[in-house]
Structure formats: C-alpha cells, structure tokens
Amino acid sequence: MLEGHLHRLCGGRYTLASETVHVRVSGMTARVEREFYQCAKCGDAQRTVEQREAAEQAAVALLRAEHGLLAPKAIRQLREGLGLTHAQVGELLYGVPKGIVEGWERGRYLQNPEADALLRSLENREELERRAAKAGVTLPVPEGVTADGGAPPAPVPDHGVAVEPRASEPGATP
Ligand SMILES: [Zn+2]
C-alpha cells in the first residue's frame, strides 16, 4: 500500500486515484476503472502489480459476461464429462497448447468467442467424433457402451454401396 506514503522527490503524499483504461484480453477489449496512487503535490503516478491484476480480472469478468463465455468451472466440467485430457481438448481445438486449456479452467486465461464456440461444439457427439478423427484424437468409450476392446459397430451401408473414406469428404481441407 502506497496510500499516505511520502514522495521523497517532492515531499508530497500519495493518495488513491482512479483512471479509466482499456484492457486487451485474448483479442477483446474491455473498458474498466483502474486504481493507482498519485502524488497529491506533483502528480507522479505509481501503479502496483495488484492494481494491474485487479483491472485485468475486472476486464475478464466483463468480457466473459459480455460475450457469454463459458466459466472456468464449466470448461472443466465439459472436458471431464467427455473424459478428455487438457492436451486432447487442445488438439480438438486445432492445436491450442494444453497449458492454455489449463489456464482457461483456472481462470488465468480467457478463451475468445471462437474458442468458446469450439468448446461448446464438443458437446455434440457427431461433431466431436468428426473433429477427433481429423485431429487423430482417440476418444474414450462413452459411458453405457461396453469396452470390450472391439471396434464400434460400423453402420451397414445400404445396397452394398461402399462408404467413401472420410478423407474424400468435400471441404475437408481446413
Ligand atoms: Zn510528488
């Protein structure tokens, strides 16, 4: 705390002040009030790490609400519900490092709206399987399905027509 402290250069005292700042988080910008200490005599400004962090946290909370982004706990629940590791979720999101996924769950990082939409789309089983096949992620066997080590039952094609491999799917290239 610097409040009431002497500014040795001028003999003035620091008092708590507030300023409006634009904080950028994951490509988004939030306007928040940030506290700082200002010398009442010469106007010298001092900003502590705590004050910067408080402003960042306020910005994250604001952006999360504004963009309707998943809360850290919700991301963890989503991932754990699917039985995926941080690394696997990262791979399913086109190569997000696992440390970032961990950061989202701890509230240290904020996912941007695109990443948020991708996270939510993992709840759609079809989308999840499509993405997993593309990313080479082996999904855990969903609950209720017997894990006998065998391959999941393949759909039987009608009329004996061979099912084309996934790679030939139009628009499969990212
Ligand atoms: Zn001063």
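What counts, and at which threshold
- Numbering of residues starts from 1 in each chain and follows the order in which that chain's sequence is written.
- A pLDDT threshold of at least 70 governs which residues receive local features in this predicted model, and a stricter bar of 80 or more applies before side-chain atom pairs are shown or counted, although totals over entire chains, interfaces and linings include all residues.
- Helix and strand definitions here come from DSSP, where helices need a minimum of 4 consecutive H or I residues and strands a minimum of 2 consecutive E residues; each element is numbered from the N-terminal end.
- A helix is expected to span 1.5 Å for every residue after the first.
- Residue burial here comes from a neighbour count, namely the number of other C-beta atoms, placed from the backbone, that lie within 10 Å of the residue's own C-beta, with 20 or more meaning buried, 12 or fewer meaning exposed, and in between meaning partly exposed.
- Whether two residues are in contact is decided by their C-beta atoms, placed from the backbone, lying within 7 Å.
- We call two strands paired when DSSP finds no fewer than two bridges between them.

Caption draft 1: Seen up close, helix α1 (residues 49-67). Spanning 19 residues, α1 covers 27 Å between terminal C-alpha atoms, matching the ideal 27 Å at 1.5 Å per step. Among the residues of α1, those classed as buried are Ala55, Ala59, Val60, Leu63 and Arg64. The secondary structure elements touched by the buried residues of α1 are β2 (12-25) and β3 (28-39). Phi for Gly68, located one or two positions after α1, is positive at around 60°.

Caption draft 2: Expanded view of the sheet that holds strand β1 (residues 6-7). Reading across the sheet, the four strands line up as β1-β2-β3-β4 and stay open at both edges, with antiparallel pairing between neighbours. Lying at the two open borders of the sheet, with one neighbouring strand each, are β1 and β4 (45-46). Of the strand pairs in this sheet, β3 and β4 are connected by two bridges, and their pairing is antiparallel. Of the residues in β4, the one forming a bridge with Gln38 is Ala45.

Caption draft 3: Layout of the pairing of β2. Pairing analysis gives two bridges linking β1 to β2, with the strands arranged antiparallel. By the bridge assignment for β2, Leu6 is matched with Arg13. The loop that links β1 with its antiparallel partner β2 comprises four residues; one of these, Gly11, has a positive phi angle of about 85°. When β2 meets β3, the two strands line up antiparallel, connected through 12 bridges. Bridging from a neighbouring strand, His22 pairs with Arg31 of β3.

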